[in-house]
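Residue-level structural notes
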Amino acid sequence: MKRRRPNPLFQQIEPDVYVIDSSAWSNIDTRSDAEDAWQLISALIEDGRVVACAEVLREVRDEPFFLLRLHHYEVQLQLADRNDTDYLMHVGKITREHQAMAGARGTKTKADPYVIALAELDNYVVVADETCKHRPNKKIPGVCKQRGVRFKTLEEFIAEVRASMAVK
Amino acid sequence: MAEVPVNGKVLIWARTIRGLSIEDAAGLLGVTVDDLHAYESGAQKPLVGFLRLIASKYRVNFTSLLMPEPLPLLKPPTDHRTRPDSKPLSIETLVAIEEVSEALDAFEDIADEDARLVPKLRIGSATLQDDPEEVAARERRTFGVSFDMQRSWSGSKARNQWRYRVEAKGVFTYMIPMPFNELSGFSLLRENVAAICINDNEFSEGARIFTLFHEYCHLLLRQAGISDEGDTNRIERFCNEFAACFLIPKTALSEAISVATPYEFTDNDVHRLARRFRVSNRAIAFRLEKTGLAPQGFYARRTAPWDVPTEPKPIAEGSQPSPIRIRLKRVGRLHAETVLQAVEHRAINSLDAAELIGLRSVTFPKLRAMLG
């Protein structure tokens, strides 16, 4: 598994890598600046600064935007080896510690613990478009906060990358 | 592929929550009992592919198999079944209970986001000390369905019409195929949401409608759980009486009979009455005896030959309804409408909605059109 373990010396100068959750992917098209946002994201994918887990891509595979926007980036997006045992055991640990978010007793495998495990192991920034007003333990933003994982909403993420690109 | 250092106790937990013996589980997985025991005892570590096979066959979340420790076992819904041939609940039934339970979790979440998006539960209440005939008459009035209206519905239309009316009281209804001789249905009750699930493998629409009201009575009693409509359990007996009284009002039944009573009705008579009331033969036989229109012991005598279970007929090829219609039958109108409303109000996203309804989000416009 390709890891970007944080090195304190370079942490400040290495650009952030974002791991995008299904909720954020599916909300891009609802934005008025969707076309512009997709262009920004495509550029970041080509730079290796936007990644996704196989489980997230599985969740969005049937959505029209997947075929149109993400299908040809599928390999580039998946830096994580879904069968890496360290990664899998970390996903299991998150599932146990955040049962409600992971649906630990349920019948379906959820992508959320994979997203958080990937961000936690590789010091990525999670991008999700969920609110956690009422049940923070069930939602990615609340769990990220509890675990000290960096998190951005889709709006914050777009604004941040747009600003950084404008500087360039 | 690498071996995964899973905790064997977690594998035992996953098998246990699905009600599988080690023999059944080994059979499902295509391995020997000794092999599965080796994985569960930790003597051998499974490959990732084998773990994925376990998740798929046990119908559990794959990531839960990777947990360092198992979760505590939860108290299952009350099992009201008392028939002598009652078996432990099968994996199909346990998964159905999980599916409905997950839906109620989701509706509780949606209500937390915006209480207006989830219909309020508006059902009455009853106790075992009440007279089921009176409770049924009172409830029937709240449904506003005349006997003529009931007679005008036939087959699946009757089932759908009753279902809509139960859903209008804020009760989610599901129809999920489960082993047909294991249970008739189940109900789940939370603080603000409730669900009824009918075994879609019941042998007739009449039987399904009877189960709908049997389970509805469980909710009135605030005694939800798993039912087989057996007559030896006090709660089951009360719910049977309620369902029979509700669907076959005494006056309407008396009016439909032209012979001097009590009378030993023939199978044909019972069948004719069952068709008139759009209920099962069994419900009519039960009601005839309870109202004194048939002699004592009539129900047991008459229904004994009907007790031979028959496998549901497979649907003929080419006559399969559309996937949307199949899902709508399974999850019910109220479930689908509530989920679609929640998406429109952005309480959930379209992916969560697709998972909750079991259809791709591109089919939502068609689903909306079907819901009208």
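Small disclaimer: the values here were computed from a predicted structure and weren't measured.

1. Digging into the overall build of chain A
Tallying secondary structure elements over chain A gives 10 helices and 4 strands in all. Ordered by position from the N terminus, the helices and strands of chain A form the series β-α-α-β-α-α-α-α-α-α-β-α-β-α. For chain A, with 168 residues in total, the buried portion stands at 39%. Partitioning the intrachain contacts of chain A with sequence separation of at least 6 by distance along the chain shows that 72% fall at a separation of at least 24.

2. Looking at the overall build of chain B
Scanning chain B for helices and strands turns up 18 helices and 4 strands. Taken over C-alpha atoms, the radius of gyration comes to 23 Å for chain B, in line with the 21 Å a tight globule of 372 residues would show. For chain B, the C-alpha atoms occupy an extent of roughly 80 × 50 × 45 Å along the three principal directions. Buried residues in chain B amount to 42% of all 372 residues.

3. Points about the pairing of strand β3 (residues 194–199) of chain B
Within a regular beta strand, the side chains point alternately toward one face of the sheet and then the other, so they alternate between its two faces. Residues and elements named next belong to chain B. By the criterion of burial, β3 is predominantly enclosed, with 6 of the 6 residues buried. Pairing analysis gives 6 bridges linking strand β1 (residues 171–176) to β3, with the strands arranged parallel. Of the residues in β3, the one forming a bridge with isoleucine 176 is asparagine 199. As paired elements, strand β2 (residues 185–189) and β3 share 5 bridges and run antiparallel to each other.

4. Re the confidence of the model for chain B
Mean pLDDT over chain B works out to 92, with 96% of the residues at or above the 70 mark. For this predicted complex, the interface confidence comes out at an ipTM of 0.89, alongside a pTM of 0.90.

5. Examining the domain arrangement of chain B
With domains assigned, chain B is organised as domain 1 (8–61), domain 2 (78–247), domain 3 (249–308) and domain 4 (323–371). Its C-alpha centre places domain 1 of chain B at a distance of 34 Å from the equivalent point of domain 4 of chain B.

6. A closer look at the sheet that holds strand β4 (residues 225–227) of chain B
All names here are of chain B. Here we have 4 strands laid out as an open sheet, ordered β1-β3-β2-β4, and mixed in their pairing. Both outer strands of the open sheet, β1 and β4, are each paired with one neighbouring strand and no more. Between one strand axis and the next, the sheet turns through 15 degrees on average, direction left out of account.

7. What about the interface of chain A and chain B?
Accessible area lost during the coming together of the parts is what is often quoted as the interface size. Tallying the contact residues gives 32 residues for chain A and 31 residues for chain B. When contributions to the side of chain A that touches chain B are tallied by element, the ones reaching two or more residues are α1 (22–27), α3 (54–60), α6 (85–97) and α7 (99–102) of chain A. Its residues assigned to classes, the side of chain A that touches chain B comprises 8 nonpolar, 14 polar and 10 charged.

8. Section: helix α6 (residues 132–143) of chain B
Residue and element names in this part refer to chain B. When the terminal C-alpha atoms of α6 are compared, their 16 Å separation across 12 residues agrees well with the 16 Å that a helix rising 1.5 Å per residue should span. Packing partners of the buried residues in α6 comprise α9 (205–220) and α10 (234–247). After α6 finishes, the residue glycine 144 shows a positive phi value of roughly 60 degrees.

9. So, the nonpolar core
Core analysis: the biggest nonpolar cluster contains 144 residues, and Val115(A), Val126(A), Leu65(B) and Leu247(B) have the highest contact counts within it. It is helix α5 (residues 91–113) of chain B that contributes the most residues to this core, 10 residues altogether. The contact partners of Leu247(B), leaving out residues within four places of it in the chain, are Ile209(B), Phe210(B), Phe213(B), Phe277(B), Val279(B) and Ala283(B).

10. Things to note about the environment of Asn192(B)
In this fold, Asn192(B) is placed in the loop between β2 and β3. With 73 residues separating them in the primary sequence, Asn192(B) and Pro119(B) have C-alpha atoms 9.2 Å apart.

11. Notes on the sheet that holds strand β3 (residues 125–127) of chain A
All names here are of chain A. Taken in spatial order, the 4 strands line up as β2-β1-β3-β4 in an open sheet, and their pairing is parallel. What marks the edges here is a single partner per strand, and that holds for β2 (50–51) and β4 (151–152). Strand direction decides the pairing type here: strand β1 (residues 18–20) and β3, joined by 3 bridges, are parallel. By the bridge assignment, tyrosine 18 is partnered in β3 with valine 125.

12. Describing the packing of helix α2 (residues 22–29) of chain B against helix α3 (residues 33–41) of chain B
Packed helix pairs are characterised by how far apart their axes lie and by the angle those axes make with each other. Residues and elements named next belong to chain B. Where α2 meets α3, the closest approach of the two axes is 9 Å, and the angle between their N-to-C directions is 105 degrees. Taken as axis vectors, α2 and α3 run roughly perpendicular relative to one another. Contact residues: Ile22, Glu23, Ala25, Ala26 and Leu29 in α2; Val33, Leu36 and His37 in α3. Here the residues of the contact of α2 with α3 are counted per class, giving 6 nonpolar, 1 polar and 1 charged.

13. Some words on unusual backbone geometry
All names here are of chain B. In this chain, threonine 261 is followed by proline 262 through a cis amide linkage whose omega measures 0 degrees. Along the polypeptide, proline 262 turns up in the loop between α11 (250–255) and α12 (267–277). Its identity is not glycine, yet glutamate 229 carries a phi of approximately 60 degrees, on the positive side. Turning to its location among the elements, glutamate 229 is positioned in the loop between β4 and α10.

14. Points about helix α16 (residues 333–344) of chain B
Residues and elements named next belong to chain B. Compared with an ideal rise of 1.5 Å per residue, which puts 12 residues at 16 Å, α16 spans 16 Å between its outermost C-alpha atoms and is within 8% of the ideal. Those residues of α16 lying buried are Leu334, His335, Ala336, Thr338, Val339, Ala342 and Val343. The inward-facing, buried residues of α16 abut α5, α8 (155–167), β1, α15 (323–331), α17 (350–357) and α18 (364–371).

15. Re the pairing of β1(B)
Of all the 6 residues making up β1(B), 6 are buried; the element is thus mostly covered by neighbouring parts of the structure. The two faces of β1(B) match: Val171(B), Thr173(B) and Met175(B) on one face and Phe172(B), Tyr174(B) and Ile176(B) on the other face are all buried.

16. Some remarks on the packing of α16(B) against α18(B)
All names here are of chain B. One can describe the packing of α16 onto α18 by two numbers: an axis separation of 11 Å at closest approach and a directional angle of 130 degrees. As far as their axial angle goes, α18 and α16 are oblique. Both α16 and α18 take part in a crossing whose hand is left-handed. Here α16 contributes Arg333, Ala336, Glu337 and Leu340 to the contact with α18, which in turn contributes Phe364, Leu367, Arg368 and Leu371. In terms of residue class, the contact of α16 with α18 is built from 5 nonpolar, no polar and 3 charged.

Thresholds applied
- Residues numbered from 1 in each chain as written.
- Chains lettered and ligands numbered in written order.
- Predicted model: local features only at pLDDT ≥ 70, side-chain atom pairs only at ≥ 80, totals over all residues.
- Helix = DSSP H or I, 4+ residues; strand = E, 2+ residues; numbered from the N terminus.
- Buried ≥ 20, exposed ≤ 12 C-beta atoms within 10 Å, placed from the backbone.
- Contact = placed C-beta atoms within 7 Å.
- Rg over C-alpha atoms; globule rule 2.2 N^0.38 Å.
- Pairing = 2+ DSSP bridges.
- pLDDT = per-residue confidence, 0-100.
- Domains from an automatic or database assignment.
- Axes fitted to C-alpha atoms, helices over the stretch in contact; angles between N-to-C directions.
- Nonpolar A, V, L, I, M, F, W, Y, C, P; charged D, E, K, R; others polar.
- Expected span 1.5 Å × (residues − 1).
- Core = buried A, V, L, I, M, F, W, Y, C linked by C-beta atoms within 7 Å.
- Parallel < 35°, antiparallel > 145°, perpendicular 65-115°, else oblique.
- Left-handed = near helix turned anticlockwise from the far one by under 90°.

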